[in-house]
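Here are the chains, one letter per residue:
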Amino acid sequence: MDQPLMDRVREAALRLQGELADERTPFVYDEWYVAAFDHEVTRTPLARRILGVPVMLLRRTDGGVMALEDRCPHRSMPLSLGTVDGDHIVCGYHGARFGCDGGCSSVPSQTVVPPGARVRSFAAEQLGPLVWIWMGATPPDREPPHLPWISDTEGWRASRERLYLRSSYVRLHENLLDLTHLSFLHARTFGTPDYASAPYESKIDAATGHFSLLRRVVPTRLPPVWAKPTGLEGVDAARITSSTFHSPALHEVHARFHACAIPEDEQPSRAIRTAHIVTPETATSTHYFIHHGRNFALEDGEITEFMHGQLLAAFQEDIDGLEAIERNLANYPPGTAHEISFRADGPSLAMRRWLKKRAVG
Ligand code: FES
Ligand SMILES: [Fe+2]
């Protein structure tokens, strides 16, 4: 390809990218995001940056969650370094006292509280093991997304982990909607060579923001993480996976496995579900919460540990890959590295276009 043609391709690619969310796109503020797992929010303040904003989380005396901007309006001391007094936080610098609504009720060095002495408070709700926060400027107009299987653990065995990613949250969502990478990025963990070319169906609904993929790898040999625990080691098996983008904060992956030699409905159900919970910290860093469940080998604690370890090794491959991309892009002036997309990128391109529209209107 000659240079003028290369230039035209590059310009066209960059024009298309202008419609897609990336690390330069503002966050979608009017959404629920997971701020923490339930066990992280205690009577000791927790400092966590969410959508670029420093936030302090504290367990209230009634068991609810207090979420305030983590910056005293006096001289910007992080309130999370202060002292907890009932449902108040007392700033550790000059003692100003703030309640759950962010209002300042006293300043020790004077009798009158200055007007405007208040910090931003955020709506926070706990659903099962997840503490959700609303970072929008206006009050929430809907409930946090709810995946019943996370709270209702009957018949499921679960494990969780909080990971951290030095890369844009957009890239993580794209990674989760692109299962062709399993054969390569995850060749040493849960990928198999036949995965990338297996048939798939995608659903794209830009009106509701629903993007999903269903991939059938049949027949295949299951990787060790699933083969041993399902009892499908060394036999032809079916691996059927769906990946669904629910919101900028939440992605859900389901997979089910069965032996090819027997009809699926004549076998015990062997399914896994993973909530990939995505909370932007900054434009190029992301809190990455994982909640993983399975409905087989329920009584075997060793299998929980084995699968958890194997999964974490695989998710670390995603983290390493996405961080390498972020570092590589830092070598170029922002917005100048053009991307050539593949056919399998359809759902992720639609998702990025939708995110961009949500972010900038
Ligand atoms: S910085 Fe908080 S009271 Fe002074
Ligand atoms: Fe991956």
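Cut-offs applied
Residues numbered from 1 in each chain as written. Chains lettered and ligands numbered in written order. Predicted model: local features only at pLDDT ≥ 70, side-chain atom pairs only at ≥ 80, totals over all residues. Heavy atoms only, no water. Donors = N, O, S within 2.8 Å, 3.2 Å for Na, K, Ca; no water. Tetrahedral: all angles 85-135°; square planar, octahedral: opposite > 155°, others 65-115°. Helix = DSSP H or I, 4+ residues; strand = E, 2+ residues; numbered from the N terminus. Buried < 20%, exposed > 50% of the residue type's maximum accessible area, 1.4 Å probe, protein only. Domains from an automatic or database assignment. Buried area = accessible area lost by both parts, 1.4 Å probe. Salt bridge = Lys/Arg side-chain N within 4 Å of Asp/Glu carboxyl O. Polar contact = N/O pair within 3.5 Å; in protein donor to acceptor, adjacent residues only side chain to side chain. Nonpolar A, V, L, I, M, F, W, Y, C, P; charged D, E, K, R; others polar. Patch = residues over 30% accessible without salt bridge, like charges linked within 9 Å, V, L, I, M, F, W, Y side chains within 5 Å. Areas by Shrake-Rupley, 256 points an atom, 1.4 Å probe, with all protein chains shown as cover. Lys, Arg positive; Asp, Glu negative; His and termini not counted. Charge placed at Lys NZ, Arg CZ, Asp CG, Glu CD.

### Describing the coordination of the iron ion (ligand 2)
Within the protein, the atoms that donate to the iron ion (ligand 2) are His181 (NE2), His186 (NE2), Asp318 (OD) and Asp318 (OD), at distances of 2.1 to 2.5 Å. Taken together, the 4 donor atoms surrounding the iron ion (ligand 2) define angles of 56 to 150 degrees at the centre, an arrangement classified as irregular. All donors of the iron ion (ligand 2) belong to a single chain; written as a sequence motif, their spacing is H-x4-H-x131-D. In this pair, histidine 186 sits in the loop between helix H3 (169-177) and strand E12 (200-205) while aspartate 318 sits in helix H5 (residues 301-329), placing the two residues 132 residues apart along the sequence. Judged by its relative accessible area of 1%, histidine 186 falls in the buried class.

### Side note on the domain arrangement of the chain
As assigned here, the chain comprises domain 1 (32-134) and domain 2 (151-360). Taking only C-alpha atoms, the centre of domain 1 and the centre of domain 2 are 34 Å apart. The junction of domain 1 with domain 2 conceals about 1,300 Å² of combined surface from both sides, 66% of it contributed by carbon and sulfur atoms. Broken down residue by residue, the surface that domain 1 buries against domain 2 is led by Tyr33, Phe37 and Arg49, which jointly contribute 40%. Taken together, domain 1 and domain 2 are joined by 2 salt bridges. Across the salt bridge formed by arginine 162 and glutamate 40, the nearest N and O atoms sit 2.8 Å from each other. At the junction of domain 1 and domain 2, the tally comes to 6 residue pairs in polar contact (both at pLDDT 80 or more). When residues of the side of domain 1 that touches domain 2 are traced back to their parent elements, those giving at least two are strand E1 (32-37), strand E2 (46-50) and strand E10 (130-134). The element that contributes the greatest number of residues to the side of domain 1 that touches domain 2 is E1, accounting for 6 residues. Considered class by class, the residues forming the side of domain 1 that touches domain 2 number 12 nonpolar, 3 polar and 4 charged.

### Quick word on a nonpolar patch on the surface
Residues Met1, Leu5 and Met6 make up a contiguous nonpolar surface patch of roughly 310 Å² in combined accessible area. Examined against the element boundaries, methionine 1 turns out to sit in the segment before helix H1 (3-17). Of the residues examined, methionine 1 reaches a relative accessible area of 68% and is grouped as exposed.

### Some words on a negative patch on the surface
Taken together, Glu299, Asp300, Glu302 and Glu305 make up a surface patch of like negative charges. Here glutamate 299 shows up in the loop between strand E17 (285-294) and H5. A relative accessible area of 74% means that glutamate 299 is categorised as exposed.

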